[in-house]
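Now for the letters of each chain:
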Amino acid sequence: MATSLQTSSRVLPLHASPLAAPTTVPGVFRAAARLLASNGLYKGDYVPDAFDREMCVPHFLRPMSIVAALKCATTGDPHRTSLLSDRAIGTLALRLNDGPEYGDIDSLEVHVDAWGDLELRTTESAVAVLEAAADATEVAS
């Protein structure tokens, strides 16, 4: 007997597949690391040309910030949030440097973005931190 996913004639892109969506914080870290590895790290905003004035590339295919990658890993959109992406952002924020000054989601996002926006930060270092956070979170669970 075939499932509805097997009988559907519509093909979903990998980022939109319900089977590819992470369901745990370590899964979000690994998915975000894959996004950054393939798209690149962007500094200063979630994605370059966020208002589509110069680019016609979908936002999920553009270089993105770490926060945007965490959001995109759970929702398929670097601008849309979810409870799971917020948990991942909070977990990562507490691992970086001295941690955020406040515990609200906006402060957590600002802290992660500030870490990612440092001049010497590279895509490789951001991917490595996400992979290390995934490993540490799996061990702690």
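Relevant structure appears above.
Everything numeric in this text was worked out from a predicted model, so none of it was measured.

Criteria and thresholds
Residues numbered from 1 in each chain as written. Predicted model: local features only at pLDDT ≥ 70, side-chain atom pairs only at ≥ 80, totals over all residues. Heavy atoms only, no water. Helix = DSSP H or I, 4+ residues; strand = E, 2+ residues; numbered from the N terminus. Polar contact = N/O pair within 3.5 Å; in protein donor to acceptor, adjacent residues only side chain to side chain. Contact = heavy atoms within 4.5 Å. Phe/Tyr/Trp six-rings, centres within 6.5 Å; stacked < 30°, edge-to-face > 60°. Lys NZ or Arg CZ within 6 Å of the ring centre and 35° of its normal. Axes fitted to C-alpha atoms, helices over the stretch in contact; angles between N-to-C directions. Parallel < 35°, antiparallel > 145°, perpendicular 65-115°, else oblique. Nonpolar A, V, L, I, M, F, W, Y, C, P; charged D, E, K, R; others polar.

Let's shift gears to the side chain of threonine 75. You can see threonine 75 is positioned in helix H3 (residues 66-75). Of note is the side chain of threonine 75, whose polar atom sits 2.9 Å from the backbone oxygen of lysine 71. Within polar-contact distance, the side chain of threonine 75 engages the backbone oxygen of aspartate 77 at 2.9 Å. Excluding its chain neighbours within four sequence positions, the residues that come into contact with threonine 75 are Arg80, Thr81 and Ser82.

What follows deals with the packing of aromatic side chains. Summed over the entire model, instances satisfying the criterion amount to 0 aromatic pairs. A cation over an aromatic ring shows up here: arginine 121 above the ring of tryptophan 115, its NZ or CZ 3.6 Å from the ring centre.

Turning to the environment of alanine 68, a few remarks are in order. Looking at where alanine 68 falls in the secondary structure, it is placed in helix H3. Once the C-alpha coordinates of alanine 68 and aspartate 113 are considered, the two residues, 45 residues apart in sequence, prove to be 9.2 Å apart. Not counting residues up to four positions away in its chain, the partners in contact with alanine 68 are Tyr46 and Pro78.

Moving on, we come to the packing of H3 against helix H5 (residues 105-116). Where H3 contacts H5, the two axes come as close as 8 Å, and the packing angle between them is 120°. Taken together, the axes of H3 and H5 lie oblique to each other. Between H3 and H5, the contacting residues are Ile66, Val67 and Lys71 on the first element and Glu109, Val112, Asp113, Trp115 and Gly116 on the second. Of the residues belonging to the contact of H3 with H5, the class tally is 4 nonpolar, 1 polar and 3 charged.

Function-wise, these values are silent; they only describe arrangement.
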